[in-house]
Amino acid sequence: GNSVTQMEGPVTLSEEAFLTINCTYTATGYPSLFWYVQYPGEGLQLLLKATKADDKGSNKGFEATYRKETTSFHLEKGSVQVSDSAVYFCALSTNSGGSNYKLTFGKGTLLTVNP
Amino acid sequence: EPEVTQTPSHQVTQMGQEVILRCVPISNHLYFYWYRQILGQKVEFLVSFYNNEISEKSEIFDDQFSVERPDGSNFTLKIRSTKLEDSAMYFCASSQGLAGVGYEQYFGPGTRLTVT
């Protein structure tokens, strides 16, 4: 079956530090990969996505590259801000095995950025 | 910007009672979903709904659960007889197309269900 493994949190950084949150996956077929973010008191919002190997998704200074050879989709940001404090979820979906609909999520990583 | 809304934000119920969680998906979306997150665990898929029928469901979604789109705007999740282990945050989501080909699912803020 499909699964997503994220680095365990929480992650605490100072403002302007470099961020990496690791994500690896196992999947049947050819997955689409997503990073969702959940700010306090809000629902999950799509941060970025990639649908084929070597694609780079990017948004709000965050980037992630779809690496088929290492089955990874690590999230990076060069300089985090206090407003980036949130929970980050890596997720995938595939169009094989009769499952076209659902997202499979990682456990989430809590990021806290201090001024 | 259109958004998915959910009511109530927090529901407390006694074991064995029925609960209905409500969602209003984005109006031009065709696919609807329920997920849940037990505290400290992963967000888990429960069910997807398309063209007025269930298109996929997980093993969690047993006979105690049902979904309905009663009036073309609301999307509900009913738990017939709640158990303590149903305590979780329940998220509704909607999308224009299939996640399997890269369409974004838009999530609501969640309903926290507490079963006592």
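Refer to the structure above for everything that follows.
These lines cover the structure that appears in this document, whether it is placed above or below. (Residues numbered from 1 in each chain as written. Chains lettered and ligands numbered in written order. Predicted model: local features only at pLDDT ≥ 70, side-chain atom pairs only at ≥ 80, totals over all residues. Heavy atoms only, no water.)

**What to know about the overall build of chain A**
Along the backbone of chain A there are zero helices and 12 strands. In chain A, the order of α-helices and β-strands from amino to carboxyl end is β-β-β-β-β-β-β-β-β-β-β-β. Relative to a compact globule of 115 residues, whose C-alpha radius of gyration would be 13 Å, chain A shows 14 Å and is just as compact. Dimensions of chain A along its principal axes, counting C-alpha atoms only, are 45 × 30 × 20 Å. The buried share of chain A, taken over its 115 residues, is 46%. Across chain A, contacts joining residues at least 24 apart in sequence account for 56% of those joining residues at least 6 apart. Here chain A displays about 5100 Å² of accessible surface, and carbon together with sulfur accounts for 48% of that area. Here chain A contributes 9 positive and 10 negative side-chain charges, whose respective centroids are spaced 9 Å apart. (Helix = DSSP H or I, 4+ residues; strand = E, 2+ residues; numbered from the N terminus. Rg over C-alpha atoms; globule rule 2.2 N^0.38 Å. Buried < 20%, exposed > 50% of the residue type's maximum accessible area, 1.4 Å probe, protein only. Contact = heavy atoms within 4.5 Å. Areas by Shrake-Rupley, 256 points an atom, 1.4 Å probe, with all protein chains shown as cover. Lys, Arg positive; Asp, Glu negative; His and termini not counted. Charge placed at Lys NZ, Arg CZ, Asp CG, Glu CD.)

**Let's talk about the overall build of chain B**
Helices and strands together make up the secondary structure of chain B, namely zero helices and 11 strands. Reading the helices (α) and strands (β) of chain B from amino to carboxyl end gives β-β-β-β-β-β-β-β-β-β-β. Radius of gyration (C-alpha) of chain B: 13 Å, near the 13 Å computed for a compact globule of 116 residues. Here the C-alpha coordinates of chain B stretch approximately 40 × 25 × 25 Å along the principal axes. Every one of the 116 residues in chain B was classed for burial, and the buried ones make up 48%. In chain B, 55% of the contacts between residues at least 6 apart in sequence involve partners at least 24 apart. Here chain B displays about 5700 Å² of accessible surface, and carbon together with sulfur accounts for 45% of that area.

**So, the environment of Asn100 of chain A**
For Asn100 of chain A, the position within the fold is in the loop between β10 (86-93) and β11 (104-105). For Asn100 of chain A, a relative accessible area of 22% corresponds to the partly exposed category. Aside from chain neighbours lying at most four places away, what touches Asn100 of chain A is Ser93, Thr94 and Asn95 of chain A together with Glu56, Leu98, Ala99, Gly100 and Val101 of chain B.

**Examining the sheet that holds strand β9 (residues 75-77) of chain A**
Pairing between the strands of a sheet is mediated by backbone hydrogen bonds and can be parallel or antiparallel. All names here are of chain A. Strand order in the open sheet formed by four strands is β3-β9-β8-β7, and the pairing between neighbours is antiparallel. For this open sheet the edge positions go to β3 (19-21) and β7 (56-59), each flanked by a neighbour on one side alone. With strand direction ignored, the average angle separating the axes of adjacent strands in the sheet is 15 degrees. Taken together, the four bridges between β7 and strand β8 (residues 62-65) define a ladder with antiparallel strand orientation. (Pairing = 2+ DSSP bridges. Axes fitted to C-alpha atoms, helices over the stretch in contact; angles between N-to-C directions.)

**Comments concerning the state of the cysteines**
Residue and element names in this part refer to chain A. If you walk through the whole model with that rule in mind, you get two disulfides over all chains. Put simply, Cys23 and Cys90 are joined by a disulfide, and their sulfur atoms are 1.9 Å apart. Every disulfide takes its handedness from the sign of the S-S torsion; for Cys23 and Cys90 that torsion is -70 degrees, giving left-handed. Within this pair, whereas Cys23 is found in strand β4 (residues 23-26), its partner Cys90 is found in strand β10, the two being separated by 67 residues in sequence. One exposure class covers both Cys23 and Cys90, and it is buried. (Disulfide = S-S within 2.5 Å.)

That is the geometry; function is a separate question.
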